[in-house]
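One-letter residues, chain by chain:
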Amino acid sequence: MALAFRPGYRALLQAFGSTVALGLLIQPALAQETSAKAEKIQVTGSAIKRIQNESALPVQSITSAEIAKTGATSVTELLQRLPSMQGFTNDATSVGGGGAGYASASVHNLGDTRTLVLLDGRRMATFAGQTLTGASSGVDLNILPIAAIERVEILTDGASSIYGTDAIGGVVNFILKSDYRGVDVQASYYMPEAGGAQEKKFGLTAGWGDLETNRFNIMASYAHNERSALLATDRPDFAYPSKGYYEIGNARLLTTSIRGAPANAAWSKGDDGGLVNPYLAANGTCPQYHVRQGTQCRYIYPTALEIFPESKTDSGAVNFNFKIDENNTFFAQGLMSRHVLTSRIAPAPVELPIDPASSLWSTYLAPYGVPAGADDPITAYWRAFDAGKRTTEDVDRALHFVVGAKGTLFNWDYNAAYTHSENKWDEYYTDGWLTNDGLNAALTKGTINPFVSPGNQTAQGMADLNAAKAVGLFKSGKTQLDMFELKASHDLWQMPAGMASLGLGADFHTEKNVYTPSALAMGTARGGIAGDAAADIPYDLNRNVWGVFGEVLVPVLKGLETSGSVRYDHYSDFGSTTNFKLSTRWAPVKSLLFRGSVNSGYHAPQPAQLADVTQLYGVTAGNYDCPFPSSDPRSAYCYQGAIQYQIFVSGNPNLKPEKSAQFTFGFRFEPEAWVSAGADYWHVHIRDQFGTVTEQQVASDPEAAWNKGWLKPAFTDQLTGKTYLAFVLPQDNFGDRIAEGLDIDTKFVFRTPIGRLTSQIAATWIFSDKQQLEAGGPFYQTAGRWDETLGLATARWKGSWTSTLTTGDWDNTLTLNYTSGYDERRDGDVTGDLIDATTGDPVAVQRRVEQYFTADWQTSYRTPVKGLKLTAGIYNITNVNPPFTLNAGAGTYGQAVGYNTQIADPRGRTYYLTAGYTY
C-alpha cells in the first residue's frame with residue numbers, strides 16, 4: 001500500500017533527501033582524528049563508566065558550540081526549541097495562567113513532573129511556587145546560567161533506575177564547564193522588528209588552574225539577562241482582535257468580558273431579568289477597548305495582556321576540582337540564581353451591589369429601565385480601570401551546592417557526594433489588586449462610581465480606590481532537597497567479547513515543601529482579594545526517600561552488549577517500590593548499531609498533592625454561559641451572560657502513584673566518518689495517571705459534573721453576598737495514558753569548494769498520545785488534534801534542519817524550524833463565546849490549525865583581533881505569524897488569545913548581535 005504524507009511530513013523527508021543527495025555530489029570531509037588516549041566516561045542513564053561513543057540508550061547531546069549557533073538567550077529557550085520537547089511551561093503561559101514565572105522541560109509531551117532535570121547528574125530542588133495541584137513542580141529552568149553550560153544530555157528513554165524511577169518521560173542533564181582555563185566574555189542584544197521584548201544578555205566565564213600541573217581548577221561564571229515586556233497590542237495581527245472577536249468563516253470567537261468600564265448592570269425580577277450599560281444607553285456607542293453586544297458594552301480584555309512579561313535574571317555558578325592524588329579528585333559545585341518576572345493582566349474584574357435607594361441607581365440605572373424591586377441585588381459588572389492593571393512580581397531564588405569526591409579506590413570507579421539544594425519563591429502584588437473590605441468601605445461611603453469612564457472618579461473616589469489596593473508580599477514558598485549518594489562501578493571479569501562490569505549505588509534524600517500564604521491570600525485579612533478570590537491554606541510537608549540500585553553490563557558476543565539494572569526505593573509516605581531496566585546494544589558491523597531497552601517506572605505525587613486541603617484557586621480560563629436553562633432552579637446560582645466562574649481545587653490523601661512500562665528500539669548508521677543517521681522508537685504506558693479534573697470536563701457535561709460534585713453553588717461573593725456556581729476540581733487517578741513516537745536525526749559533514757558544510761536534521765514524530773479520564777473509560781487522543789475534553793493538543797511533527805558553512809573565519813548557519821498543525825474543535829454551546837456572526841447563536845467550529853515553519857540565520861566572524869568574535873543573526877527571517885487557534889486561553893496556555901504559546905514564538909522577525917572575547 002502506498003504511503004501518503006502530509007505537507008509537514010513531506011517537508012522533513014525532502015530535507016532529508018536533499019541533504020543525502022548533496023552528500024553524494026560533494027567530496028566528503030576527512031574523518032577527524034581521534035584522541036590517542038581513550039578515557040572512560042559516564043553516560044547519562046548509566047552508573048558504569050565505559051569507553052564508548054554510542055550507548056544502548058538514546059541520549060541526545062548538545063555542546064556549547066551548538067548552543068551558540070542557536071542564538072538562544074537562555075536555557076529555557078534552548079530546550080523548548082528542541083524537537084523532543086512539547087507540553088512545557090514558559091513565560092507566556094505564566095501570564096494569568098498561574099505559572100508564577102516558572103519554565104520547564106517536558107520530553108515527548110509527557111509533562112514536566114515526569115521529566116527529571118539534573119545538574120551534573122544530580123537532582124535539584126523543585127520550584128517553590130508549585131501549587132496544590134502539583135502544577136509547576138518540576139525544576140525551574142530560569143535558574144540555570146547558559147554561559148556555564150558545557151553541554152546538555154537528554155535521555156529520551158525514561159524510568160532511569162540510576163537517578164530515580166520517577167523519570168518516566170526522560171532525563172535532562174546539564175553538564176557545567178569543568179577544567180576550564182581562560183576568560184570568556186559575551187554580550188548580546190536582541191531586538192524584534194515590530195517592537196517589544198527587547199533583550200540584553202551578558203555572560204562572563206573564567207577558569208584557573210590545570211588539574212595535571214597545578215592539581216586544581218576553578219571555574220566561575222556569571223550571567224545576566226533582562227527582557228522588556230511584549231504587549232498584545234504590539235502584535236495586533238494575531239494577539240489582539242481590535243473588534244473584540246476573531247472571524248472564522250461565518251462564526252465569531254468573542255474575546256470580551258462582561259466586566260467593563262463603565263460597568264454593565266444586571267438584575268433579575270421573577271423569571272425576567274436584564275442587562276444594560278448606562279454609557280451605551282446615553283451615548284449610543286461603547287467606549288474605547290469595548291464592543292457592543294446587545295445592550296452591553298463588553299471589554300476586550302486581550303488589549304491589556306502581555307505576551308511576554310518583563311523579566312530579569314542573575315545567576316552564577318562555581319565549579320572547583322582538586323586532585324588529591326593521581327586517582328582521586330575532590331570537587332565542589334555551587335549555583336546561585338535570582339529570577340524576577342513582572343507580569344500584568346487586565347484591571348480587576350469585580351461585581352458591585354447597587355442599592356436601589358442610592359443615587360447610583362436613580363442617576364444611572366432608573367432612567368434605562370432597571371427596576372428598584374429586583375429579586376436579587378442589582379449587580380454592576382465593573383472593570384476597575386482606575387486602579388490600574390493587576391501587576392504581579394514573582395521572585396524565584398535558587399541555592400544549590402555539592403561537595404564530594406570521585407576517582408578510583410581498590411579498582412572501583414566511585415563518585416560520592418552530598419547535595420543541598422533549595423528554591424525560594426515570593427509573589428508580590430505591586431499594583432491593581434483590590435481587597436473586598438476596601439471596596440466595601442468605599443461602597444458604603446458612596447465614593448466609587450462604576451458607571452463613569454476611566455479617569456472620571458472623584459478625588460475622594462480615587463483616594464478610596466487606592467486605599468483598597470493590596471500591595472506587598474502575597475504568598476511565599478520554599479522547597480529543599482538534601483541528598484547523600486554513592487555510586488561505584490568495577491570490572492568483573494574478562495569475557496571473550498570484552499569486560500563485564502558492575503555498577504552499584506545508594507542514595508538518601510529528604511524533600512521539604514513549605515507554603516506560606518499571607519493573611520490576605522488566606523482570605524482572613526481585608527476580606528481577601530476582590531474579583532480573584534482565594535482562600536489558601538499554609539502547609540509544611542516533608543518526606544524521606546532512600547534507594548539502592550545495581551547494574552550489570554555484559555558483553556555477550558563481539559558487538560553484542562546487554563545490561564540490566566534494578567532499583568529499590570522506599571518513600572516515607574508511600575511505601576516501597578522495585579523497578580528494573582534492561583537494555584541491549586548490538587553492532588553487527590562497525591558502521592551499524594541496533595539498540596533497545598525495556599523498563600518500568602514509578603512516579604509519586606508531590607507532598608502538597610496529598611494534603612487534605614480544599615481551597616479557592618482563582619477563576620476559569622474560559623467564559624461560560626449558565627450551564628442550566630432559566631427554568632431550572634439551579635440557574636439562580638449563575639451569573640448573567642458568558643463569564644468566568646470561580647475554581648476550587650483539593651488535595652487527595654488517597655492519591656495513588658503512577659506506574660509505567662515502556663520500551664525503546666532504535667538504530668544508528670555511520671557508513672563513513674562524514675555521515676551518520678539514526679532513529680529511536682519509543683512507547684510509554686502510564687497507569688493510574690494522576691491529575692486534576694479540567695474545567696473542560698465540567699463544561700462539556702454540566703449535568704454529570706453536578707452529580708459528581710464538580711459543579712455546585714460553592715462560592716459566595718463577599719461584595720454582593722450572592723452565592724454562585726463554582727467549578728470544584730478534585731485530584732484523582734484517571735486511568736491510563738499511552739504515547740508512542742519516533743525520534744530521528746541525521747548529520748553530514750561535507751568539504752565543499754568554498755568551505756566545510758555541516759548539516760543536521762532532528763525531528764520527533766508522535767504517532768499517538770491518548771489518555772483516559774477514568775479507569776476503564778474511553779481514550780481521548782491529542783496527537784494531531786485538540787481534544788476539547790482534555791483541553792490539550794499535541795503536534796505530531798516537530799523538527800529542525802541546521803546547516804553551517806565554515807569558510808575561513810566565517811561561519812554561516814541556516815536553521816529551518818517546523819511544527820505540524822493539528823485539528824481543533826470548539827463548541828459555543830459549551831464555552832458561550834463562539835457564535836454565529838449573523839444570528840448570534842452558539843455554534844461549533846471544526847478547523848485546522850496551520851503548520852508553523854520559520855527560518856533563522858546566523859553569521860559569525862572571528863576577527864583579526866585574537867579572541868574577538870562577532871555574531872549577527874535573525875530569528876524568523878520571513879516574519880511568519882503564529883498560526884491562529886480557537887483554543888488559546890483555554891486553561892493550558894495562560895490567558896493568551898489567538899495563538900498557542902507552546903508552539904509559536906510571538907516576537908516575529910528578531911535581530912540580534914553578539915560580541916564575544918575569549919583569552
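Higher on the page you've got the structure.
How each quantity is defined
- Residues numbered from 1 in each chain as written.
- Predicted model: local features only at pLDDT ≥ 70, side-chain atom pairs only at ≥ 80, totals over all residues.
- Heavy atoms only, no water.
- Helix = DSSP H or I, 4+ residues; strand = E, 2+ residues; numbered from the N terminus.
- Rg over C-alpha atoms; globule rule 2.2 N^0.38 Å.
- Buried < 20%, exposed > 50% of the residue type's maximum accessible area, 1.4 Å probe, protein only.
- Contact = heavy atoms within 4.5 Å.
- Areas by Shrake-Rupley, 256 points an atom, 1.4 Å probe, with all protein chains shown as cover.
- Lys, Arg positive; Asp, Glu negative; His and termini not counted.
- Charge placed at Lys NZ, Arg CZ, Asp CG, Glu CD.
- Disulfide = S-S within 2.5 Å.
- Patch = residues over 30% accessible without salt bridge, like charges linked within 9 Å, V, L, I, M, F, W, Y side chains within 5 Å.
- Salt bridge = Lys/Arg side-chain N within 4 Å of Asp/Glu carboxyl O.
- Phe/Tyr/Trp six-rings, centres within 6.5 Å; stacked < 30°, edge-to-face > 60°.
- Lys NZ or Arg CZ within 6 Å of the ring centre and 35° of its normal.
- Polar contact = N/O pair within 3.5 Å; in protein donor to acceptor, adjacent residues only side chain to side chain.
- Pairing = 2+ DSSP bridges.
- Axes fitted to C-alpha atoms, helices over the stretch in contact; angles between N-to-C directions.
- Arc of directions from axis to C-beta.
- Core = buried A, V, L, I, M, F, W, Y, C linked by side-chain atoms within 4.5 Å.

Moving on: the overall build of the chain. Looking only at helices and strands, one finds eleven helices and 50 strands in the chain. On C-alpha atoms alone, the chain measures out to a radius of gyration of 29 Å, which is about the 29 Å that the 2.2 N^0.38 rule sets for 919 residues. Seen through its principal axes, the chain has C-alpha atoms that stretch 95 × 60 × 60 Å. For the chain, buried positions account for 58% of its 919 residues. Across the chain, every contact between residues at least 6 apart in sequence was considered, and the portion connecting residues at least 24 apart equals 72%. Taken as a whole, the chain presents about 35700 Å² of accessible surface, with 56% of it coming from carbon and sulfur. The centroid of the 74 positive side-chain charges in the chain is displaced by 5 Å from the centroid of its 90 negative side-chain charges.

Here the structure, examined in full by the defined rule, presents two disulfides. Between the sulfur of C286 and that of C297 lies a disulfide, 2.1 Å long from S to S. Judged by the sign of its S-S torsion, about -90°, the bond between C286 and C297 is left-handed. Of this pair, C286 sits in the loop between helix 5 (278–283) and strand 16 (290–293) while C297 is found in strand 17 (residues 296–299), placing the two residues eleven residues apart along the sequence. Judged by relative accessible area, C286 falls into the buried class, the value being 15%. The disulfide partner of C626 is C638, and the S-S distance across this bridge is 2.0 Å.

It is worth spelling out a positive patch on the surface at this point. A contiguous patch of positive charge, built from K69, K747, R751, R756 and K869, is present on the exposed surface. Mapped onto the secondary structure, R751 falls in strand 38 (residues 737–752).

Time to look at the packing of aromatic side chains. Counting across every chain of the model gives 33 aromatic pairs. When the centroid spacing of 5.5 Å and the interplanar angle of 35° are considered together, the rings of Y624 and F727 count as tilted. Taken together, the positions of Y624 in the loop between strand 31 (614–619) and strand 32 (646–650) and F727 in strand 37 (residues 723–733) put the pair 103 residues apart, joining distant regions of the chain. Considered together, Y624 and F727 belong to a single accessibility category, that of buried residues. Each residue in the set Y624, Y639, Y645, Y724 and F727 is aromatic and connected to the rest through ring pairs, giving one cluster. Of note, R252 hangs over the ring of Y245, and the distance from its end group to the ring centre comes to 4.1 Å. Sitting above the plane of the W706 ring, R634 keeps its charged end 5.0 Å from the centroid.

Quick look at the side chain of N652 now. Structurally, the position occupied by N652 is in the loop between strand 32 and strand 33 (658–672). Under the relative-accessibility criterion, N652 is labelled buried at 14%. Only 3.1 Å separates the side chain of N652 from the backbone oxygen of Q731, close enough to count as a polar contact. Discounting chain neighbours no more than four positions away, the residues touching N652 are Q609, L610, A611, Q731 and D732.

The tally for this structure, following the rule as stated, stands at 40 salt bridges. We note a salt bridge from D464 to K445, for which the minimum N-O separation is 3.1 Å. Of the two residues, D464 sits in helix 8 (residues 459–467) while K445 sits in helix 7 (residues 436–445), which places them 19 residues apart along the sequence. The shortest N-O distance in the salt bridge between D688 and K656 comes to 3.7 Å. One end of the pair, D688, is in the loop between strand 34 (675–687) and strand 35 (690–692); the other, K656, is in the loop between strand 32 and strand 33, and 32 residues separate them in sequence. Classification of D688 by relative accessible area gives partly exposed; the value is 25%. Residues joined in a network through salt bridges with shared partners are E77, R81, D856, D905 and R907.

With that settled, consider the sheet that holds strand 5 (residues 122–123). Here we have five strands laid out as an open sheet, ordered 3-6-7-4-5, and mixed in their pairing. What marks the edges here is a single partner per strand, and that holds for strand 3 (59–63) and strand 5. In this sheet, strand 7 (residues 170–176) lies alongside strand 4 (residues 115–119) in parallel orientation, the contact comprising five bridges. Note that in strand 7 the partner of L118 across the bridge is N173.

Moving on to a nonpolar patch on the surface. Taken together, the side chains of F322, I324, F330, F401 and V403 make up a nonpolar region of the molecular surface, amounting to roughly 370 Å² of accessible area. As for its placement among the helices and strands, F322 is situated in strand 19 (residues 310–323). Accessibility expressed as a relative area gives 32% for F322, which makes it partly exposed.

With respect to the element layout, T813 can be found in strand 44 (residues 810–819). The exposure class of T813 is buried, given its relative accessible area of 2%. Taking the C-alpha atoms as reference points, T813 and L557, separated by 256 residues in sequence, lie 43 Å from one another. Looking at T813, its side chain comes within polar contact range of the side chain of T804, at 2.9 Å.

A word on the sheet that holds strand 12 (residues 245–248). Read across the sheet, three strands follow the order 12-13-46 without closing on themselves; strand pairing throughout is antiparallel. The open sheet has two edge strands with one neighbour each: strand 12 and strand 46 (834–836). Each strand axis lies, on average, 30° off the axis of its neighbour in the sheet, ignoring direction. Across three bridges, strand 13 (residues 251–254) lies against strand 46 in antiparallel orientation.

Here we come to helix 7. Taken together, the buried positions of helix 7 are occupied by N436, G438, L439 and A442. An end-on view of helix 7 places all buried positions within 165° of arc, on one side of the element. For helix 7, the exposed residues set more than 90 degrees away from the buried face come down to T444 and K445. Those residues of helix 7 that are buried lie in contact with strand 21 (349–354) and helix 8.

We now examine the nonpolar core. Ranked by size, the top nonpolar core spans 39 residues in total, and within it Y645, V698 and F727 carry the most contacts. Within the residue set of this core, elements represented by two or more residues are strand 32, helix 9 (695–700), strand 36 (711–716) and strand 37. Broken down by element, this core gets its largest block of residues, six residues, from strand 37. Ignoring any residue separated from it by four or fewer positions in sequence, one finds F727 in contact with T620, Y624, Y645, Q646, I647, F648, E695, V698, A699, W710 and L711. The next biggest cluster of nonpolar side chains, apart from the first, holds 31 residues, and it includes I62, L78, I143 and I149.

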